[in-house]
Amino acid sequence: MDFYYSAGSAPCRSVLLTAKALGIELNLKSTNLMAGEHLTPEYLKMNPQHTIPTLNDHGFSLWESRAIMVYLVEKYGKTSSLYPTDVQRRAVVNQRLYFDMGTLYQRFSEYFYPQIFAKAPADPEKLKRLEEAFGFLNTFLEGSKYAAGDSLTLADLALVATVSTIELVKEFDINKYPKVAAWYKLCKETVPGYDINQAGVDEFKAKFLS
Amino acid sequence: MAPLILYHFPPSAPSRAALLAIRNLNLDVEVKEVNLFQKEQINPEFIKINPQHCVPTMDDDGFVLWESRAIAQYLVESKAPDSGLYPSDIQERALTNQRLYFDLGTLYTRIRAICYPVLFLGETTIPEDKKKQLQEAFEWLNGFLEGRKWVAGDNLTIADLSILASIASIIHVGADISEYKNLAAWYENCKSLPGFEENDEGAKVFGGAVKGKLKEGF
């Protein structure tokens, strides 16, 4: 199974964590966006939207990190508790996955990427919206150990990739959100192969924040 | 058993997507309107139900859930797993999920990037680069539909319903999809779906609100 990715990208890292947790070996294809490796005819044939991550499972190509994570569990980890079979528990995992994409990661991108890619000044309104998203996550974590209940799920693997990236923003203090801070520490201690994520965060930091 | 409750605001595309799923599954529902234009979502009673205070929010006999696409998937899996609206084949399901995430992260995000500043930040024109980004999303969607009747295959899925809610909103703001042949044909097919008219009415209210603040057309 070929996996096209960049280690610095949070969505790519969440898939790497999923594969690790499931014990799946991916054939890693590091893809350099700056060099346009996602715009070659071969890549476009596989994924016309030319995004990373992209999975190519023996001719079946799939993109969108969270869709890939669910696919890996359903295809190769049927007995895994990472994506519960109980419909209500599964629904909560999905809600968190959509929250991660549409609210948390989105607000981080809106606040942070203009600063690093367009050298724009920090927008305090956008920071407020990011802080609000952290407040929501803090509320979700009241009364449960992990993001969607008391055991580790795909929701944690997606969210931890995002949160570990945001932690790099120096004006952002994760300790203002005690439940998030405690959960983040727990993830660092209990997510299988967490060092894969950390290595990507460090790469991101070296590339964009030094 | 208490009926399914949907906290809904008709102009909101995600909210309409959840209602479209309910209509296509032919479920009984009690719709409770939460008027976002009147900021009713930040009433303490609603925050108690959903701390993220967004619509749609569903209450299924005490099980509360938000995020329209998670609601649609839950409703299929819990009420009508054999309906085909959320396929059981792993690859078809993966493609459905990819389209749902495409809608949230690309299509709807680009629609929102156009409409939000007009509705809430006093902008009166649509910047060219944002139009181009939307057109790019239309092109991708048009490509997904190449050789397929529906966005994730030959059968209708909740991804179609989610994308229909988004597309209807921007059509009523004035976007033209006619040059995207597959997309235009798909939209025609959608017109016979249960709840199409109801969705269209909400989209018209949304489109009218945006158009009313624009100096010139789309």
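The rules we used
- Residues numbered from 1 in each chain as written.
- Chains lettered and ligands numbered in written order.
- Predicted model: local features only at pLDDT ≥ 70, side-chain atom pairs only at ≥ 80, totals over all residues.
- Heavy atoms only, no water.
- Salt bridge = Lys/Arg side-chain N within 4 Å of Asp/Glu carboxyl O.
- Helix = DSSP H or I, 4+ residues; strand = E, 2+ residues; numbered from the N terminus.
- Buried < 20%, exposed > 50% of the residue type's maximum accessible area, 1.4 Å probe, protein only.
- Core = buried A, V, L, I, M, F, W, Y, C linked by side-chain atoms within 4.5 Å.
- Contact = heavy atoms within 4.5 Å.
- UniProt positions renumbered as here; feature names shortened; annotations may be inferred.
- Phe/Tyr/Trp six-rings, centres within 6.5 Å; stacked < 30°, edge-to-face > 60°.
- Lys NZ or Arg CZ within 6 Å of the ring centre and 35° of its normal.
- Pairing = 2+ DSSP bridges.
- Right-handed = clockwise from strand over helix to strand, strands pointing away.
- Patch = residues over 30% accessible without salt bridge, like charges linked within 9 Å, V, L, I, M, F, W, Y side chains within 5 Å.
- Areas by Shrake-Rupley, 256 points an atom, 1.4 Å probe, with all protein chains shown as cover.
- Domains from an automatic or database assignment.
- Buried area = accessible area lost by both parts, 1.4 Å probe.
- Nonpolar A, V, L, I, M, F, W, Y, C, P; charged D, E, K, R; others polar.
- Polar contact = N/O pair within 3.5 Å; in protein donor to acceptor, adjacent residues only side chain to side chain.

> Just to check I follow, could you spell out the pattern of salt bridges for this structure?
Pairing between side chains of opposite charge can happen when the charged atoms of each approach one another. Here the structure, examined in full by the defined rule, presents 18 salt bridges over all chains. Lys128 of chain A serves as the salt-bridge partner of Glu125 of chain A, at 3.3 Å between the closest nitrogen and oxygen. Residue Glu125 of chain A and its partner Lys128 of chain A are located together in helix H5 (residues 124–140), separated by 3 residues, close to a single helical turn. Residues Asp103 of chain B and Arg69 of chain B are paired through a salt bridge, measuring 2.9 Å at the closest nitrogen-oxygen approach. Remark: Arg69 of chain B occurs in helix H3 (residues 68–79) and Asp103 of chain B occurs in helix H4 (residues 90–120); sequence separation between them is 34 residues. Arg69 of chain B carries the same exposure label as Asp103 of chain B, and that label is buried. Residues joined in a network through salt bridges with shared partners are Glu74 and Arg90 of chain A together with Glu77 and Arg93 of chain B.

> Please clarify how the nonpolar core should be interpreted in this entry.
Side chains that are nonpolar tend, in soluble globular proteins, to be buried together. Within the largest apolar cluster, 149 residues are counted, with the highest numbers of intra-cluster contacts made by Phe134 and Trp183 of chain A together with Leu107, Phe138, Leu141, Ile167 and Trp186 of chain B. With 14 residues, helix H4 (residues 87–117) of chain A is the single largest residue contributor to this core. When near neighbours in sequence (up to four residues on either side) are disregarded, Leu107 of chain B contacts Phe102, Leu134, Ala137, Phe138, Leu141, Ile163, Ser166 and Ile167 of chain B. Ranked by size, the runner-up nonpolar core spans 6 residues in total, among them Tyr7, Phe9, Val34 and Val55 of chain B.

> Looking at this structure, I do not really get the UniProt feature "domain: GST C-terminal" (unreviewed entry) in chain B. What am I missing?
UniProt's entry tags residues 89–214 of chain B with the feature "domain: GST C-terminal" (unreviewed entry), counted in the numbering of this structure. Annotation note: span residues 89–214 of chain B, helix share 71%, strand share 0%, distance between end C-alpha atoms 45 Å.

> How should I be thinking about the packing of aromatic side chains in this particular structure?
To describe a pair of aromatic rings, you give the distance between the ring centres and the angle between the ring planes. Applying the stated criterion across every chain, the model contains 24 aromatic pairs over all chains. Between the aromatic rings of Phe108 of chain A and Tyr113 of chain A, the centroid separation amounts to 5.5 Å while the plane-to-plane angle is 70 degrees, which identifies the pairing as edge-to-face. By relative accessible area, Phe108 of chain A is classed as buried at 0%. Aromatic side chains Phe9 of chain B and Phe37 of chain B sit 5.1 Å apart centroid to centroid with 90 degrees between the ring planes, which places their arrangement in the edge-to-face category. Placement of the pair is Phe9 of chain B in the loop between strand E1 (4–8) and helix H1 (13–24) and Phe37 of chain B in the loop between strand E2 (29–33) and helix H2 (44–49), with a sequence separation of 28 residues. These aromatic residues form a ring-pair network of at least three members: Tyr105, Phe108, Phe112, Tyr113, Phe117, Phe204 and Phe208 of chain A. Here Arg99 of chain B stacks its cationic end above the ring of Phe144 of chain B, 4.2 Å away from the centre of that ring.

> Can you walk me through the UniProt feature "domain: GST N-terminal" (unreviewed entry) in chain A in this structure?
Cross-referencing UniProt, the feature "domain: GST N-terminal" (unreviewed entry) maps to residues 1–80 of chain A in the present numbering. Helix makes up 39% of residues 1–80 of chain A and strand 20%. Its end C-alpha atoms lie 19 Å apart.

> Sorry, what's going on with the pairing of strand E2 (residues 27–30) of chain A here?
Taken residue by residue, a regular strand's side chains alternate between the two faces of the sheet. Residue and element names in this part refer to chain A. Across 4 bridges, the pairing between strand E1 (residues 2–5) and E2 is parallel. Considered in E2, the bridge of Tyr5 is made with Ser30. Note on the crossover from E1 through helix H1 (residues 10–22) to E2: the handedness is right-handed.

> How should I be thinking about the pairing of strand E4 (residues 60–63) of chain A in this particular structure?
Residues and elements named next belong to chain A. Residues Phe60 and Leu62 line one face of E4 and the alternating positions Ser61 and Trp63 line the opposite face, and both faces are buried. By the bridge criterion, 4 bridges tie strand E3 (residues 54–57) to E4 in an arrangement that is antiparallel. Its bridge partner lying in E4, Thr54 is registered against Trp63. Here E3 folds back onto E4, and the loop between the two strands holds 2 residues, one of which, His58, carries a positive phi near 50 degrees.

> It is not clear to me how a nonpolar patch on the surface should be interpreted in this structure. Could you clarify?
Residue and element names in this part refer to chain B. Taken together, the side chains of Phe37, Phe120, Leu121 and Val205 make up a nonpolar region of the molecular surface, amounting to roughly 410 Å² of accessible area. Following the sequence through the fold, Val205 ends up in helix H8 (residues 196–211). Judged by relative accessible area, which is 45%, Val205 ranks as partly exposed.

> Sorry if this is basic, but what is going on with the domain arrangement of chain A here?
One widely used convention gives an interface's size as the accessible area the parts lose upon coming together. Residues and elements named next belong to chain A. When its domains are assigned, chain A resolves into domain 1 (2–76) and domain 2 (87–208). If you sort the residues of domain 1 by the area they bury against domain 2, Arg13, Leu17 and Arg66 come out on top, with a joint share of 40%. Counting across the domain 1 and domain 2 interface gives 2 salt bridges. A salt bridge links Glu74 to Arg90; the shortest N-O distance between them is 3.2 Å. Mapped by element, the contributors of at least two residues to the side of domain 1 that touches domain 2 are H1 and helix H3 (65–76). Examining the composition of the side of domain 1 that touches domain 2, we find that 9 residues originate from one element, H1, more than from any other. Taken together, the residues of the side of domain 1 that touches domain 2 break down into 10 nonpolar, 4 polar and 5 charged.

> Can you walk me through the interface of chain B and chain A in this structure?
Each partner contributes residues to the interface: chain B has 32 residues there, and chain A has 34 residues. Buried surface at the junction of chain B and chain A, summed over both partners, amounts to about 3,000 Å²; 64% is from carbon and sulfur atoms. On the chain B side of the interface with chain A, the three residues burying the most area are Gln52, Ile90 and Tyr101 of chain B, jointly 22% of the side's total. Between chain B and chain A we count 2 salt bridges in total. Residue Arg90 of chain A pairs with Glu77 of chain B through a salt bridge whose shortest N-O separation is 3.6 Å. At the surface where chain B touches chain A, the tally comes to 6 residue pairs in polar contact (both at pLDDT 80 or more). The biggest single contributor to the side of chain B that touches chain A is H4 of chain B, with 16 residues. Looking at side-chain class alone, the side of chain B that touches chain A contains 16 nonpolar, 10 polar and 6 charged residues.

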